[in-house]
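Now for the letters of each chain:
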Amino acid sequence: MDAISKKDTGKHFVAIFGGAVAGSEAAYQLASRGIVVTVFEQSTLPYGKIEDGLPKWHHKLRDQEEQKIDGKIDHPNIWYVPNVRLGIDISFEELRQWGFSAIILATGAWRDRQLPIEGLEDYVGNGIYYQNPFVYWFNHKHEPGFNGPAYKIQDDAVVIGGGLASLDVVKILMIETVGAALEKRGIESDMFTLEKKGIGPTLESMDLTLDDLELKGCTLYYRRRAIDMPLSPMPADTPEKLEKAQNVRQKILDNFQRKYLFRFVPNSTPVDKILHEGRLTGIRFQKTRIEGERVRPIENEYFDVETPMVISSIGSIPEKIEGLPWQGQVFKITDPKTCLIEGFDNVFAIGNAVTGKGNINESVKHSREISTGIIDNFFEWQQGEYENWHHQTVSKVDRDIDQIIGRIENQEGLPENVYNEILEKVSRMQKKTGYDGNYRQWIEKHLPVRLENVSG
Ligand SMILES: Cc1cc2nc3c(=O)[nH]c(=O)nc-3n(C[C@H](O)[C@H](O)[C@H](O)COP(=O)(O)OP(=O)(O)OC[C@H]3O[C@@H](n4cnc5c(N)ncnc54)[C@H](O)[C@@H]3O)c2cc1C
């Protein structure tokens, strides 16, 4: 459908930034109630973490979730504008002057939480790397013409983390190093099989070990214990349930290590960097102990780890946007129930942009029973966790958007001239990015080459 001929169906006009799980759901809910929406997305495609953060071996889940997003954004009341980044291509100040009925930020959590080591940031790309750009590279490196930063994967890498995403990083490192070592011996392997079957079982079937391949494997350092890892969604609100959940977490980790052959060092928190000739060559850790919920560093118990590569995976937080108030590591919200950003009466944040870490807690609290079968099948378990997160993000957006719609509908509609001017500006921006209003065609044209189709 031609964007210019879209029907004027309402007097409210809402801007949403970010078109992924949260943004597309919010846009769809508003559009279904007759409110006209424009979805500004910084990337060409509106898929966010699903495209760039969910490792590409989950391709079925990725396709399924992306199709859901397409089904929502391709609505006659929604104007999609790709390649527009709030804070860069348009400032928040300028946007405010357009006169939208409401502005909703669904911009996700893309900034890696920084390791608390002074001066470490000077070595990013030079011994220390962060999870978000690393997974982005892994997901896209096979695409012809990929020109993002490249990573030279090294054996004996250190991963700092402990959550689900850090396990993805561990898997990527093991798959890449083992795949390359097999290739060196003239043995063909493919990423999907190494991931699904596991590295341990694959090597066993070839009568090989990591030693034979002259590999050490990477090591995951975690500040808590294995039994504290957010690996099981089982409830842990009584001592008995906690014990059961801790047993399951330990089993999942043991199973995961057998499958992917990485090492695990608990009770260790990074405190300093080790440098050599202008490069980061290691990390100093301090031992910790767990007291109740708290992590206590143990005085004078340090150890140094030399490594060619450190990847930090300690969580993601929203990117700051100039002109919007900030508190701690998220946008400053007046009241979490309304998602209203402090100092405004029509600017809201939803999805990972507002919940950040809170969402993780919500997701691990749910009480899905975990069967032994699932513990044994790490792939299914991980996929289930991601699916569950997406599902939860959508239901939380549904709850939040009801409040937001209530507030919008209480306001007066926009004067016709303001409404028409916004429409004019939106359509100019669409044209500037080369988007002609046909959402499905745009997606078809820009969907990247998929590895599963290349490797057959
Ligand atoms: C590795 C990994 C870790 C995960 N961790 C968690 C977790 O901790 N908690 C949880 O609940 N779920 C997590 N999930 C699940 C999932 O990410 C979320 O539930 C859901 O995808 C979040 O959707 P979102 O729309 O809020 O954010 P995103 O998927 O991040 O989408 C944000 C969108 O906004 C766009 N955008 C960003 N900034 C701008 C800007 N300035 N202007 C315009 N557009 C912009 C982005 O390009 C993107 O399309 C994780 C998923 C993965 C793959």
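Residues numbered from 1 in each chain as written. Predicted model: local features only at pLDDT ≥ 70, side-chain atom pairs only at ≥ 80, totals over all residues.

1. Focus: the packing of helix α1 (residues 21-32) against helix α3 (residues 59-73)
Threshold: Axis lines are fitted through C-alpha atoms, for helices just across the contact stretch, and the angle between N-to-C directions can take any value from 0 to 180 degrees. Under the scheme used here, helices are H or I runs from DSSP no shorter than 4 residues and strands are E runs no shorter than 2 residues, and both carry numbers assigned from the N terminus. Should an angle fall under 35 degrees it is called roughly parallel, over 145 degrees roughly antiparallel, and 65 to 115 degrees roughly perpendicular, with every other angle called oblique. Definitions for this section: a left-handed crossing has its near helix turned counterclockwise from the far helix by less than a right angle. A right-handed crossing has that turn clockwise. Contact between two residues is assigned when their C-beta atoms, built from the backbone, lie within 7 Å.
For the pair α1 and α3, interaxial distance at closest approach is 8 Å and the crossing angle is 30 degrees. When the axis of α1 is compared with that of α3, the two are roughly parallel. In the crossing of α1 with α3, the sense of the turn from one axis to the other is left-handed. For the pair α1 and α3, contact is made by S24, E25, A27 and Y28 and by I69, K72 and I73, respectively.

2. Thoughts on helix α15 (residues 439-446)
Condition: Here a residue counts as buried when 20 or more other C-beta atoms fall within 10 Å of its C-beta, as exposed when 12 or fewer do, and as partly exposed in between; the C-beta atoms come from the backbone. The directions considered for the arc are those from the helix axis to the C-beta atoms.
Of all the positions in α15, only Y439, W442 and I443 are classed as buried. Axial view of α15: buried residues confined to an arc of 95 degrees, hence all on one face. Seen from the buried face of α15, the exposed residues on the opposite side, beyond 90 degrees, are R440, Q441, E444 and K445. Next to the buried residues of α15 lie α3 and β3 (78-81).

3. Side note on the site of the ligand
Rule in force here: Put plainly, near means the residue's C-beta atom, positioned from the backbone, lies within 6 Å of the molecule or strand in question. Gly is put with the polar residues, along with every residue not named as nonpolar or charged; the nonpolar set is Ala, Val, Leu, Ile, Met, Phe, Trp, Tyr, Cys and Pro, and the charged set is Asp, Glu, Lys and Arg.
In the region of the ligand, 37 residues are neighbours, and G18, A20, G48, G108 and G351 sit closest. Listing elements by their share of the shell around the ligand, those giving two or more residues are α1, α2 (48-52), α6 (164-184), α10 (352-355), α11 (357-365) and α13 (378-410). Examining the composition of the shell around the ligand, we find that four residues originate from one element, α13, more than from any other. Counted by class, the shell around the ligand contains 16 nonpolar, 16 polar and five charged residues.

4. Points about the environment of N132
Within the fold, N132 resides in helix α5 (residues 131-140). Distance from N132 to I172, taken between C-alpha atoms, is 13 Å for residues 40 residues apart in sequence. When neighbours within four sequence positions are excluded, N132 is seen to be in contact with G53, W110, D112 and S316.

Don't take any of this as a statement about function, it's just geometry.
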